[in-house]
Amino acid sequence: MEQPTQPVKPFLEYDALVDLLIARGMKVEDKERALRKIAQVGYYRLSGYWHVARRYEFQDGQRTYLNEFREGASFDAIHSFYLFDRKLRLELLDALERIEVNFRTVIAHELGRNDPLCHLDRKTFSKDACIKDGKTRKVPSYHDWLDRHSKRIQESQEDSIVSHRDAGKPIPIWVAAEVWDFGSLSKLYSMLNGKNQDLVCARFGIAERNVLDNWLINLNVLRNRCAHHSRVCNRPNPRRLKLPKKGYFNLLQLDAQGHERIFGLITVIWFLLKQISQSSDWILRVAKLIDQKPHVPGFTFKSMGIAGDSFPRGLFPEANLPPAPAINFSTHSKQAKTSANDCVTYLKANSGEVGAAAEAQALNEVWLQSIVDTEEILNGG
């Protein structure tokens, strides 16, 4: 391996790292808190979030980032960005788990209908997948996939697989599928012949084979990013999204940025989730989260693939907040009684608390005035 020609960066203690951020123009509201967060999360992990807040200049048509921050860059906002990204990763993982399990079930059922051992038969796959010469092959290698699959079967401790293995029984695809991760599923679909790809596409309401292939490749990388706690909010998609040209996606009218950023993948995930569960509120949770995006210079809605300054709820009826329930006087009355009783109970147990007497006197005045106002209303005043 070729040796680096530049010297390694010097090691710095946590307090020196915080001082470095301050020297470069970042506002640090609480130095001790910043030190704790860097010790917990790591300077270079957080640097992925403050990178967009750095100043830059163009040299020969290329953007070059400088070691100084833009106006408005603050440590608290950067840490909020980190937490925001973490919350989005958890929502994405929740959805991707359901999609992975459902896709595994669908592909095993549709292919297993004609042959329980179809995954071991080359006829199930395209001729291209079975070519051993990697230079001419345009899809994953079936031979490589089968080698990894066989190894997983041998090492698996899944009860269903162990029982088949111990009994010397062939393992049908609906059992074997339990050892496949998202990457294995994505490659398996890519290798299928056209007829079998059509069977899978039909279950998801997709007409174009290459569209589902593109989605699975992108979702697999996204799943890995989430599982390994990588930043997801404002990173480019692994591949530019391919989308159907009619129906749901035609109404969305995603621009170029939408095809290349996380918002595009959110629309794909929601499309697939609705095939699984019509009652899912996932898009509502995601919309509420994205609308809470922290303000960090350079971290814009556009960097997430969203054209506008908020989540486009108008494109997703399910993302609109339900109307607040009507509250009548009886409800207000019950709440007031409960609150008054709670105040009295607390005061009995904590009458010696500093300031409690003054607060209680002020509360009495509010209650007495409420009595007067209520009587006037009841008497037609």
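In this report, we go over the structure that sits alongside the text. (Residues numbered from 1 in each chain as written. Predicted model: local features only at pLDDT ≥ 70, side-chain atom pairs only at ≥ 80, totals over all residues. Heavy atoms only, no water.)

Moving on, we get to the overall build of the protein chain. The helix and strand inventory of the protein chain stands at 16 helices and 2 strands. Relative to its length of 381 residues, the protein chain is extended, with a C-alpha radius of gyration of 29 Å against a globular reference of 21 Å. The principal-axis extent of the C-alpha atoms belonging to the protein chain is close to 90 × 60 × 45 Å. Going through the 381 residues of the protein chain one by one, you find that 39% of them count as buried. In the protein chain, the proportion of contacts linking residues at least 24 apart, taken out of those at least 6 apart, comes to 63%. In the structure as shown, the protein chain presents an accessible area of about 22500 Å², 52% of it carried by carbon and sulfur atoms. One way to put it: in the protein chain the 53 positive side-chain charges average out to a point 8 Å from where the 46 negative ones average out. (Helix = DSSP H or I, 4+ residues; strand = E, 2+ residues; numbered from the N terminus. Rg over C-alpha atoms; globule rule 2.2 N^0.38 Å. Buried < 20%, exposed > 50% of the residue type's maximum accessible area, 1.4 Å probe, protein only. Contact = heavy atoms within 4.5 Å. Areas by Shrake-Rupley, 256 points an atom, 1.4 Å probe, with all protein chains shown as cover. Lys, Arg positive; Asp, Glu negative; His and termini not counted. Charge placed at Lys NZ, Arg CZ, Asp CG, Glu CD.)

What follows deals with the packing of aromatic side chains. A full pass over the atoms with the stated rule returns 24 aromatic pairs. Ring centres 5.5 Å apart and planes at 55° place the aromatic pair Trp215 and Phe249 in the tilted group. With Trp215 in helix H10 (residues 209-227) and Phe249 in helix H11 (residues 248-252), the pair connects residues that are 34 residues apart, well separated along the chain. For Trp215, a relative accessible area of 0% translates into the label buried. Aromatic side chains Phe263 and Phe311 sit 5.8 Å apart centroid to centroid with 80° between the ring planes, which places their arrangement in the edge-to-face category. With Phe263 in helix H13 (residues 262-276) and Phe311 in the loop between helix H14 (282-290) and helix H15 (329-349), this residue pair connects regions lying 48 residues apart in the sequence. Through a chain of ring-to-ring contacts, the aromatic side chains of Trp215, Tyr248, Phe249, Phe263, Phe271, Phe311 and Phe316 assemble into a single cluster. Positioned above the aromatic ring of Phe299 is the side chain of Lys293, whose terminal nitrogen or guanidinium carbon lies 4.8 Å from the ring centre. The ring of Phe301 carries the charged tip of Lys293 above its face, separated from the ring centre by 5.2 Å. (Phe/Tyr/Trp six-rings, centres within 6.5 Å; stacked < 30°, edge-to-face > 60°. Lys NZ or Arg CZ within 6 Å of the ring centre and 35° of its normal.)

Judged by side-chain polarity, Val344, Val366 and Trp367 come together as a nonpolar surface patch covering roughly 240 Å² of accessible area. By secondary structure assignment, the location of Val366 is in helix H16 (residues 356-378). (Patch = residues over 30% accessible without salt bridge, like charges linked within 9 Å, V, L, I, M, F, W, Y side chains within 5 Å. Salt bridge = Lys/Arg side-chain N within 4 Å of Asp/Glu carboxyl O.)

Bringing the pairing of strand E2 (residues 62-69) into the picture now. In this structure, strand E1 (residues 54-59) lies alongside E2, joined through 5 bridges in antiparallel fashion. Of the residues in E2, the one forming a bridge with Arg54 is Phe69. In sequence, E1 turns back onto E2 through a hairpin of 2 residues, with Asp60 there showing a positive phi of about 55°. (Pairing = 2+ DSSP bridges.)

Another point: the packing of helix H4 (residues 75-112) against H14. Put simply, H4 and H14 touch, their axes get as near as 11 Å, and they point 170° apart. As summarised for this structure, H4 and H14 are arranged roughly antiparallel, according to the angle between their axes. Residues Phe84, Lys87, Leu88, Glu91, Leu92, Asp94 and Ala95 of H4 touch H14, and the partners they reach there are Trp282, Arg285, Val286, Leu289 and Ile290. When grouped by side-chain class, the residues that make up the contact of H4 with H14 number 8 nonpolar, no polar and 4 charged. (Axes fitted to C-alpha atoms, helices over the stretch in contact; angles between N-to-C directions. Parallel < 35°, antiparallel > 145°, perpendicular 65-115°, else oblique. Nonpolar A, V, L, I, M, F, W, Y, C, P; charged D, E, K, R; others polar.)

Across all of its chains, the model carries 16 salt bridges by this definition. Among the salt bridges present, the one from Arg285 reaches Asp94, with a minimum N-O distance of 3.2 Å. One end of the pair, Arg285, is in helix H14; the other, Asp94, is in helix H4, with 191 residues separating them in the sequence. On the accessibility criterion, Arg285 (30% relative accessible area) is partly exposed. For Asp94, a relative accessible area of 35% gives the class partly exposed.

For H10, built from 19 residues, the straight-helix expectation of 27 Å at 1.5 Å per residue is met to within 8% by its first-to-last C-alpha distance of 27 Å. Every buried residue of H10 is listed here: Val211, Leu212, Asn214, Trp215, Leu216, Ile217, Asn218, Leu219, Asn220, Leu222, Arg225 and Cys226. Structurally, H10 contributes buried residues whose contacts are with H4, helix H8 (182-191), helix H9 (194-203), H11 and H13. Once H10 ends, the next one or two residues include His229, with phi positive near 60°. (Expected span 1.5 Å × (residues − 1).)

The next thing to look at is the nonpolar core. Core analysis: the biggest nonpolar cluster contains 96 residues, and Leu92, Leu212, Trp215, Leu222, Ile269 and Trp282 have the highest contact counts within it. Considering every element that reaches this core, the biggest residue donor is H4, with 16 residues. (Core = buried A, V, L, I, M, F, W, Y, C linked by side-chain atoms within 4.5 Å.)

Further remarks concern the environment of Arg86. Mapped onto the secondary structure, Arg86 falls in helix H4. Take Arg86: its relative accessible area is 42%, and that puts it in the partly exposed class. The spacing of Arg86 and Cys226 is 140 residues in sequence and 8.6 Å in space, taken between C-alpha atoms.

As a further point, take the environment of Pro10. Along the chain, Pro10 falls in the segment before helix H1 (14-23). Take Pro10: its relative accessible area is 66%, and that puts it in the exposed class. Taking the C-alpha atoms as reference, Pro10 lies 44 Å from Ser141; in sequence the two are 131 residues apart.

This next bit is on unusual backbone geometry. In the Ramachandran plot, His229 falls in the positive-phi region, its phi being about 60° despite a non-glycine side chain. Here His229 lies in the loop between H10 and H11. For His229, a relative accessible area of 47% puts it in the partly exposed group. Even without glycine at this site, Gln253 takes up a positive phi of about 50°.

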